[in-house]
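Secondary and tertiary structure notes
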Amino acid sequence: MNAASGKTVKPRKLDRHKALAHPLRREIMAFLITNSSGSPSQMHKKLDASLSDISYHCRQLVRYGAADLAETRPVKRGSPERIYVPALRPLLTTEDGGRRTFCPRASGVRGPVCRARDEDLRRGFSCGAFAKRADWVAVRNHLELDKQGHQRLIREHEQFLERSFEIQAESDARRVESGEPTTRVANSQLCFALCE
């Protein structure tokens, strides 16, 4: 349901490439992920961009499925204040120094994402998660794919990641009813072409 209009809205498909193609949109997503929500005027105080540019790129993030308009608040003068939240869809994020930060798809990905994955593995081994529990999966394989096969595999990974957020929402709904405690789960995926 869209909080701004009160109408049920069909979830938009995330177009990650278009959503994150502009550097200001990446900064806005970092702000939204770090703060859970934000208005263009709040972001204007922190980001080096004009209020009109931030407002425009917030609308683009909604258009491409990376953010949602959560609320519209009336103000005494001017346009209503729009509050945006990150959409409950996968974006490439990492925990860096205790703070959630956005990491663009390009060159900055490898270090933070791999360090976070490695830290998850280290913590899993140190607490005995792999020895004490039988409900875990670790898979690694190399494939020989043509371009079409590689693109299909990427789409499959993206669909699985979307499904993992649906599983999270279903689990949350059941826990509200049952009061069952949570199990923290690390879910990592990597799919990339190896250099020749």
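Refer to the structure presented above.
Presented here is a report on the structure given in the accompanying data block. (Residues numbered from 1 in each chain as written. Predicted model: local features only at pLDDT ≥ 70, side-chain atom pairs only at ≥ 80, totals over all residues. Heavy atoms only, no water.)

Tallying secondary structure elements over the protein chain gives seven helices and four strands in all. Going residue by residue from the N terminus, the α and β elements of the protein chain occur as α-α-α-α-β-β-β-β-α-α-α. In the protein chain, of all internal contacts separated by at least 6 residues, the share reaching a separation of at least 24 is 55%. (Helix = DSSP H or I, 4+ residues; strand = E, 2+ residues; numbered from the N terminus. Contact = heavy atoms within 4.5 Å.)

What follows covers a nonpolar patch on the surface. Taken together, the side chains of Leu190, Phe192 and Leu194 make up a nonpolar region of the molecular surface, amounting to roughly 320 Å² of accessible area. In this structure, Leu190 sits in the segment after helix 7 (147–178). (Patch = residues over 30% accessible without salt bridge, like charges linked within 9 Å, V, L, I, M, F, W, Y side chains within 5 Å. Areas by Shrake-Rupley, 256 points an atom, 1.4 Å probe, with all protein chains shown as cover. Salt bridge = Lys/Arg side-chain N within 4 Å of Asp/Glu carboxyl O.)

The next thing to look at is helix 7. Helix length check: helix 7 (32 residues) gives 46 Å between terminal C-alpha atoms against 46 Å at 1.5 Å per residue, within 8%. Trailing helix 7 by a residue or two, Gly179 shows a phi angle of about 75°, which is positive. (Expected span 1.5 Å × (residues − 1).)

In contact at an axis separation of 10 Å, helix 2 (residues 23–35) and helix 4 (residues 51–63) are set at 80° when each is read in the N-to-C sense. By the criterion of interaxial angle, the relationship of helix 2 to helix 4 is roughly perpendicular. Contacts between helix 2 and helix 4 pair Leu24, Arg25, Ile28 and Met29 from the former with Asp53, Ile54, His57, Cys58, Gln60 and Leu61 from the latter. For the contact of helix 2 with helix 4, the per-class residue count stands at six nonpolar, two polar and two charged. (Axes fitted to C-alpha atoms, helices over the stretch in contact; angles between N-to-C directions. Parallel < 35°, antiparallel > 145°, perpendicular 65-115°, else oblique. Nonpolar A, V, L, I, M, F, W, Y, C, P; charged D, E, K, R; others polar.)

Between its first and last C-alpha atoms helix 2 spans 18 Å; for 13 residues at 1.5 Å apiece the expected length is 18 Å, and the two agree. Of the residues making up helix 2, those classed as buried are Leu24, Arg25, Ile28, Met29, Ala30, Phe31, Leu32 and Ile33. Two residues or fewer past helix 2, Ser36 is found with a positive phi of approximately 75°. (Buried < 20%, exposed > 50% of the residue type's maximum accessible area, 1.4 Å probe, protein only.)

Another point: the nonpolar core. Membership of the largest hydrophobic core comes to 18 residues, with the highest contact counts inside it found for Ile28, Met29, Leu32, Met43, Ile54 and Leu61. Broken down by secondary-structure element, the contributors of at least two residues to this core are helix 2 and helix 4. Top element by residues in this core is helix 2. It accounts for six residues. (Core = buried A, V, L, I, M, F, W, Y, C linked by side-chain atoms within 4.5 Å.)

One pass over the structure, following the stated rule, counts six salt bridges. With its nearest N and O atoms 4.0 Å apart, the salt bridge here joins Arg152 to Glu156. Taken as a pair, Arg152 and Glu156 lie in helix 7 at a separation of four residues, close to a single helical turn. Residue class for Glu156 comes out partly exposed when judged on its relative accessible area of 39%. The residue Glu170 makes a salt bridge to Arg163 at a minimum N-O spacing of 3.1 Å. Through salt bridges with shared partners, one network takes in Glu71, Arg73 and Glu81.

Bear in mind that shape data such as this cannot, by itself, settle questions of function.
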